[in-house]
Amino acid sequence: MLPSSPLRQLAPTMARRVRNPKTVARLASIPQYSAPVTTTSSPSATTQRWHSNHTSSPSGPSSSSSSSSSSSSVNPDEISHFNALAATWWDPHGSSRALHLMNPLRHDFIQNCRSSSPYSSFTVLTEDASDLLPPSSDAAHNTTHNTANVQKLRYLDIGCGGGIFAESAARLPTTSSVLAIDPSPGVLAIARSHAKKDPGLSPKLTYLSSTIESLPTLKPEAVTQKFDVVSCFEVIEHVDHPSLFLDHVAQFVKPGGWLVMSTIARTWTSWFTTNFMAEDVLGIVPKGTHDWHKYINEYELRGYFEETEEKRRFWGRPRAMGVVYVPGLGWKEVPGSEKVGNYFLGVQRLAGEDNA
Amino acid sequence: MEASALRRSAALVARASTRNAIRPAVCAAISNSSTSSTPPTQLQTQQTRQFSALNRPPPNYPGHVPLTRLERLGLFVGSGLISLADPRRGDLIASFAEATATPYFIYRLRDAMLSHPTGRRILRLRPRITSQSLNIPYLRSLPPNTVGRTYIDWLDREGVSPDTRSAVRYIDDEECAYVMQRYRECHDFYHALTGLPIVREGEVALKAFEFANTLLPMTGFSVFAAFTMKKSEQKRFREIYFPWAVKNGLRAKEVINVFWEEELERDVDDLRRELGVEPPPDLREIRKREREEKRRRKEMERMMSGRSGGPEDDVLQKAEKEAEVVAERVKEMKDEVVEKVGEVVGSSSMRV
Amino acid sequence: MEAVARRKAAAYVCRSCTRQFQRQLRRNYSNSAPRPDIYDVVCVGGGPAGLSLLTALRANPVTSHLRVALVEAQDLSKVKSWKLPPNKYSNRCSSLTPTSALFLDQIGAWEHLDQTRVQPYHEMQVWDGVTDARIEFDWAPGSAPVEGTTIAYMNENLNLTSGLLKRLEQLGGVSVFEGANVENITFGEEMEDLDLSQWPVVHISGGKQLTARLLVGADGANSPVRAFAGIDAKGWDYNRHGVVATLEMEGEGWGGEHTKIAYQRFLPTGPVAMLPMPGNVATLVWSTTPENASLLKSLSPKDFVAMVNAAFRLSTVDLAFMHTQGTDQDDEYSWRLQHTSFNPRAIPQTVVGVQEGTVASFPLKMRHADTYIGERVALVGDAAHTIHPLAGQGLNQGQGDVQSLVKTIEFAVTHGQDIGSIMSLESYVSERYTANHVLLGVVDKLHKLYSAGSGPLVPLRSLGLNAVNALGPLKSFFMKQAAGSGTKIF
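- As annotated in an unreviewed UniProt entry, chain C is Ubiquinone biosynthesis monooxygenase COQ6, mitochondrial from Pseudoneurospora amorphoporcata.
- In UniProt, chain C has this text filed under Subcellular location (unreviewed entry): "Mitochondrion inner membrane".
- The annotation that UniProt attaches to chain C under Cofactor (unreviewed entry) is "FAD".

- As recorded in an unreviewed UniProt entry, chain B goes by the name 4-hydroxy-3-methoxy-5-polyprenylbenzoate decarboxylase, listed as coming from Pseudoneurospora amorphoporcata.
- What UniProt records for chain B under Catalytic activity (unreviewed entry) is the sentence "a 4-hydroxy-3-methoxy-5-(all-trans-polyprenyl)benzoate + H(+) = a 2-methoxy-6-(all-trans-polyprenyl)phenol + CO2".
- Among the UniProt annotations of chain B, the heading Pathway (unreviewed entry) holds the following wording: "Cofactor biosynthesis; ubiquinone biosynthesis."

## Examining the overall build of chain C
So, step 1. On a plain count of helices and strands, chain C comes out with 15 helices and 20 strands.
So, step 2. Here chain C holds 490 residues, and the buried ones make up 50% of them.
So, step 3. Taking the intrachain contacts of chain C between residues at least 6 apart in sequence as the baseline, contacts between residues at least 24 apart amount to 76%.

## What to know about the overall build of chain B
So, step 1. Looking only at helices and strands, chain B has 17 helices and zero strands in total.
So, step 2. Counting the 352 residues in chain B, one finds 36% classified as buried.
So, step 3. The long-range fraction of contacts in chain B, counting pairs at least 24 apart against all pairs at least 6 apart in sequence, stands at 71%.

## A few points about the UniProt feature "binding site: Zn(2+)" (unreviewed entry) in chain B
All names here are of chain B.
So, step 1. In this structure's numbering, the residues bearing the UniProt feature "binding site: Zn(2+)" (unreviewed entry) are His187, Asp188, His191 and Glu203. These residues run over 17 residues, yet every pair of their C-alpha atoms falls within 10.5 Å of each other.
So, step 2. Positionally, His191 belongs in helix H10 (residues 174-194).
So, step 3. Under the C-beta neighbour-count criterion, His191 is labelled buried, with 23 such atoms within 10 Å.

## Here's the deal with the domain arrangement of chain C
All names here are of chain C.
So, step 1. Partitioning chain C into domains gives domain 1 (2-86 + 159-235 + 366-443) and domain 2 (93-154 + 238-363 + 451-482).
So, step 2. The partner domain 2 presents 22 residues to the 20 residues of domain 1 that form the contact.
So, step 3. Listed by contribution, the elements that provide at least two residues to the side of domain 1 that touches domain 2 are helix H3 (48-59), helix H6 (157-171) and helix H12 (394-414).
So, step 4. The leading source of residues in the side of domain 1 that touches domain 2 is H6, at six residues.

## As for the confidence of the model for chain B
All names here are of chain B.
So, step 1. Confidence in the prediction of chain B, expressed as mean pLDDT, is 74, and 76% of residues score 70 or more.
So, step 2. Across residues 1-48, confidence stays below pLDDT 50; counting only partners more than four residues off in sequence or on other chains, it has 63 contacts.
So, step 3. Confidence drops under a pLDDT of 50 for residues 348-352, and excluding neighbours within four residues, the segment shows 22 contacts in the predicted structure.

## A short note on unusual backbone geometry
Residue and element names in this part refer to chain C.
So, step 1. Phi is positive for Asn239, close to 55°, though the residue is something other than glycine.
So, step 2. Even without a glycine there, the phi angle at Asp328 is positive, about 70°.
So, step 3. Under the C-beta neighbour-count criterion, Asp328 is labelled partly exposed, with 14 such atoms within 10 Å.

## Focus: the sheet that holds strand E3 (residues 93-96) of chain C
All names here are of chain C.
So, step 1. One open sheet holds the three strands; their spatial order is E3-E7-E4, and the pairing between them is antiparallel. Each of the sheet's edge strands pairs with one partner strand only, and the pair in question is E3 and strand E4 (119-121). Here the average twist between neighbouring strands, direction ignored, is 30°.
So, step 2. One ladder, built from four bridges, connects E3 with strand E7 (residues 152-156); its direction is antiparallel. When the sheet's bridge partners are listed, Leu96 is paired in E7 with Tyr153.
So, step 3. H6 contacts E3 and E7 of the sheet and is inclined by roughly 85° relative to E7.

## Some words on the nonpolar core
The nonpolar side chains of a soluble globular protein tend to be buried with one another.
So, step 1. Counting residues in each nonpolar core, the largest one holds 178 residues, and the members touching the most others are Val42(C), Leu53(C), Val202(C), Ala378(C) and Val380(C).
So, step 2. Broken down by element, the residue count for this core peaks at 10 residues, all from H10(B).
So, step 3. Excluding anything up to four places from it in sequence, Ala378(C) contacts Leu214(C), Val216(C), Tyr372(C), Ile373(C), Leu405(C), Leu425(C) and Tyr428(C).
So, step 4. Membership of the second largest hydrophobic core comes to 70 residues, among which are Leu156(A), Ile190(A), Leu208(A) and Ile296(A).

## A few points about the environment of Glu248(C)
All names here are of chain C.
So, step 1. Here Glu248 lies in strand E12 (residues 233-249).
So, step 2. Separated by 60 residues in sequence, Glu248 and Val308 place their C-alpha atoms 11 Å apart.
So, step 3. When neighbours within four sequence positions are excluded, Glu248 is seen to be in contact with Asn280, Val281, Val352, Gly353, Val354 and Gln355.

## Overview of H3(C)
Residues and elements named next belong to chain C.
So, step 1. Taking 1.5 Å as the rise per residue, H3 with 12 residues should run 16 Å; its terminal C-alpha atoms sit 16 Å apart, in good agreement.
So, step 2. H3 sits mainly inside the fold: 11 of its 12 residues count as buried.
So, step 3. Every buried residue of H3 is accounted for by Pro48, Ala49, Gly50, Leu51, Ser52, Leu53, Leu54, Thr55, Ala56, Leu57 and Arg58.

## Some thoughts on the environment of Leu66(C)
Residues and elements named next belong to chain C.
So, step 1. One can find Leu66 in the loop between H3 and strand E2 (68-72).
So, step 2. Since 21 C-beta atoms lie within 10 Å of it, Leu66 is described here as buried.
So, step 3. Distance in space between the C-alpha atoms of Leu66 and Val413 is 9.4 Å, their sequence separation being 347 residues.

## Looking at the confidence of the model for chain C
Reading predicted coordinates in detail is not appropriate for stretches of low pLDDT.
All names here are of chain C.
So, step 1. Averaged over chain C, the pLDDT score is 86; the fraction of residues at 70 or greater is 85%.
So, step 2. Within the model, pLDDT remains below 50 along residues 13-32, and this stretch shows 28 contacts once partners closer than five positions in the same chain are excluded.
So, step 3. Predicted complex metrics record ipTM = 0.78 and pTM = 0.75.

## A closer look at the packing of H12(C) against helix H13 (residues 422-451) of chain C
Residue and element names in this part refer to chain C.
So, step 1. One can describe the packing of H12 onto H13 by two numbers: an axis separation of 8 Å at closest approach and a directional angle of 160°. Between H12 and H13, the interaxial angle falls into the category roughly antiparallel. In this structure, H12 meets H13 at a crossing whose hand is right-handed. The segment H12 lies against H13, with Gln397, Gly400, Asp401, Ser404, Leu405, Thr408 and Ala412 engaging Ser424, Leu425, Ser427, Tyr428, Glu431, Arg432, Asn436 and Leu439.
So, step 2. Here the contact of H12 with H13 is built from residues that sort into five nonpolar, seven polar and three charged.

## Notes on the packing of helix H11 (residues 200-214) of chain B against helix H13 (residues 231-251) of chain B
Residues and elements named next belong to chain B.
So, step 1. At their nearest, the axes of H11 and H13 sit 8 Å apart, and the two run at 30° to each other. The pairing of H11 with H13 is recorded here as roughly parallel in orientation. Considering the relative orientation of H11 and H13, their crossing is right-handed. When H11 is examined against H13, the residues Glu201, Val204, Ala205, Ala208, Phe209, Glu210, Phe211, Ala212 and Asn213 are found in contact with a partner set consisting of Glu233, Phe237, Tyr241, Phe242, Ala245, Val246, Asn248, Gly249 and Leu250.
So, step 2. Classifying every residue of the contact of H11 with H13 gives 12 nonpolar, three polar and three charged.

## As for H11(B)
So, step 1. If you check H11(B), its first and last C-alpha atoms are 20 Å apart, about what 15 residues at 1.5 Å a residue would give, namely 21 Å.
So, step 2. Residue Leu215(B) follows H11(B) closely and has a positive phi angle near 65°.

## Observations concerning the pairing of strand E8 (residues 253-264) of chain A
All names here are of chain A.
So, step 1. Counting buried positions over the 12 residues of E8 gives 12, a clear majority of the element.
So, step 2. Summarising the sheet, strand E7 (residues 227-233) and E8 pair through six bridges and their orientation is parallel. What sits directly across from Ser231, in E8, is Val260.
So, step 3. Following the backbone out of E7, through helix H10 (residues 242-250) and into the adjacent parallel E8, one traces a crossover that is right-handed.
So, step 4. Across seven bridges, the pairing between E8 and strand E11 (residues 342-348) is antiparallel. Across the sheet, residue Ile264 finds its bridge partner in E11, namely Asn342.

## Observations regarding the environment of Thr161(C)
So, step 1. By the element assignment, Thr161(C) lies in helix H6.
So, step 2. Residues Thr161(C) and Val272(C), 111 residues apart in the sequence, show an inter-C-alpha distance of 26 Å.

Each value, and the rule that gives it
Residues numbered from 1 in each chain as written. Chains lettered and ligands numbered in written order. Predicted model: local features only at pLDDT ≥ 70, side-chain atom pairs only at ≥ 80, totals over all residues. UniProt positions renumbered as here; feature names shortened; annotations may be inferred. Helix = DSSP H or I, 4+ residues; strand = E, 2+ residues; numbered from the N terminus. Buried ≥ 20, exposed ≤ 12 C-beta atoms within 10 Å, placed from the backbone. Contact = placed C-beta atoms within 7 Å. Domains from an automatic or database assignment. pLDDT = per-residue confidence, 0-100. Pairing = 2+ DSSP bridges. Axes fitted to C-alpha atoms, helices over the stretch in contact; angles between N-to-C directions. Core = buried A, V, L, I, M, F, W, Y, C linked by C-beta atoms within 7 Å. Expected span 1.5 Å × (residues − 1). Parallel < 35°, antiparallel > 145°, perpendicular 65-115°, else oblique. Left-handed = near helix turned anticlockwise from the far one by under 90°. Nonpolar A, V, L, I, M, F, W, Y, C, P; charged D, E, K, R; others polar. Right-handed = clockwise from strand over helix to strand, strands pointing away.

In structure tokens, the structure reads:
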């Protein structure tokens, strides 16, 4: 699709670390786990490793949590790592505290992106309509304020983890539905059991054990209906082939809708803060969460959306917001810090055709 | 009788000297006439800090002399120094008492009275103790162990009258001035209560008692007069009367809160028990005993030396010895007279 | 049936989703235990803090969709219809800082207070009963803040609660359970597809059960909600009682109608304060020993008035003695007045009467909860902290809590957070705890400092008071802090 992507060139050179086999073994005991169907056509060795790691586990297919995959940009070691973290995912003082603290900023950033553009995708939901209106190309050219009161958004959260963002998106009064996917069955089990604790969530929030590659197979309507907001927060740095991954993601974004991401720039500062300090010294982030070599700089990510004329027609101008974690105060927006550490990047889909 | 006459004349001298001694009083009298247009207000005490000697506010009570801070300091230093140099200046000791009591101590004493129902009643009624206010013949008619009879007996024994008190002048607050007055007027009742005589030794012991009880600074300073006493008296003071004074002064209730006029018919021991005062050993008795002891010892010595002489010179020696005894007796008598005079002068200066 | 079902639904999300969820519930549990009655916010306690919380939530467009309930033991209709003749005032009054008043105005409650019964005051006279050292909080020319010279508003607590209830009625949408005692608070149950095992369920008299996403304890110093959350409150009793009374004064104050003055004198037994109400009325708050308090309550009106006048004029020695008298304080007072010097313009005007039946007392305590939040629990007002009344900050602290909690809830709602989760409530604690703690500490130390009748502290504290009084900028800083209009320092 995009043979000249710098991300694609970058990807094979990324080092991968060997994970502790114990964490992999622990996965076997999580009941929600089910083995993916091995119909791989991917040239990636890592995908094969992912399969081989899990075929030995007991399998019990179930309708809600099974996933099928033709190819995956997700590194299986990453999946097992996050499975192991699942237990503390919702502990406000646990290892995911930094993520919990960052969550409000994600909403602020989305709000920021959406209000920056006069064009918007939206879903009109009348009082009793349980079905969504079919997407139309006209919708992308409607201005938001005409129908502001009934505008409800459809979210797709890729790599939802324990559901920190997915739950919060589902709670917003402006949300009509949230589809949250993650390839780690362990964390999805946690996400599901946590969502059960809030009676307000179940009508809006759906979890699906899936990779982005297998989503069209598992949920064909996701491709046809698309989403107003597609989010992948703290995901790209865990993906082996970011550009392939983004190619897949594009088809789920409704014209006028936004793709919103967050990740970490690959700088000495980010190595020092996220790897050395956060993981090794302070221990506020579990060891092995981050592989510094997989970090993507803001200009690299921005470059993906701007590299060709085609892309520039398909995507709007990317917007970025740099954030800094201040211990004791939480995350703060610091203009310019997107070049240094954690940052958000949002981009609006302009074109109506998927094969950009 | 002779001693009492002496004492009275000394008191007269002291009183006469008051008139030319106190300069500020004169100044006050002059300035009073010029500033009497300002009416006294409730803010009097606050205003005392702001006038000058040429612009003196009117008195807060009859006889009051408002002083500036500088004058007060002068009074403190002057009266202190002169009364140390000349202990017969009772008027200056009284001034010294007022100068030292003002910033804090008189308020403490007043507050002690205000904290006690009887003390408050005294402050409210403001009784005065004089030979007129007290019915002297009636007191003499009371049974022996009553407070009134003890008091009058003590006055008679010491040969003093309740009327020899100088008026308070330099305390600004008129209520505190009354407290000072009351303290002075009650002083003889403390004598009667404790039985302490007005000889220097007795006065010093009572002052120590009062200091422990009232904390008035002048009473404390007066205790330094103990260093002017004879060696033997100092020893007695150190061993008997000072410990007694401290113990009783601290333990006893505030004696300023006794409404003496109402206690006259009461059993004196009963009152002592109530106040927590135990009378010290009778000082006059001790002194008398000691003097007799001394005389007897000398007589014994003479007898012993007389017996050891030879038989021939017996008559001559006897005559010589007798002459010696007479001379000694004369010397003793002379000493006694000197001491008596000293006592009178001393006590008059300290009975303020 | 549909209406009932809707009421029982979780209201946090949109109405249609609620219905969807409700249909689901009906499908799944039509034959099982009664469906839980779920509220977003259940507030226990209908005092000033609880009522202003609900009013603020209802008045805010962001939070007005929340399903809220109020549980109050009292009969609120009596409070709402509270009325007194214009010359009679309740004895329970509080000072409201301009900050609190602004907040009440923002939530639309201020205009519902009977304004003829609200008295702003502009100056304060505070002095030491032992040494007479004094600090005069009057605005020097040019130092007055632009917001106005009002230091605080004196107001009857009932005027506030009544006004809040009227505003709430106007806003509507609150399920009110009045005359209802909290009998028990438990956790919900875990069901097949709904796990309420961490949700508090409030059992109220009559058997009703309210399940709360966020349970707010505005239920006073002995908060059952705090006990449920297992939050300990530390502190001590002062062994002091606050004696209150409504007083009739000889005039409307030295500053006239437009410059009202509050007075406070620190006595070794505790501070005595006289705060202006409209016209010739003033309200008394006298912190004193329990023994003195019971004596004061037993006195005839004439002697009580004499004691109050004495408290602002006579020496502490006289006052102490007069507390030992069973009667005749009036006579004692007129005698001592002749022998006591003071500047009559620096103290309140003479009290001439006491409104019948208004002399009452309550014990004083210092309490501070270890935290204000737990999972699905938040504490506000006296449930979180009890302060010595000497600075008149108790009610204002509660209003500050409410303001902060509503802000926290608003943030949580706009960011999709669960308003009951610790994560979303954290900012409430971090904003309020230290500020309250500092204030509690300062007031506590002030009480202790001025409890000394003698000793080395007495001259030192007077030196401090006089020094502050002499330093204009420092004084106006303190005044602005007291008025709540100063720069936030904590």
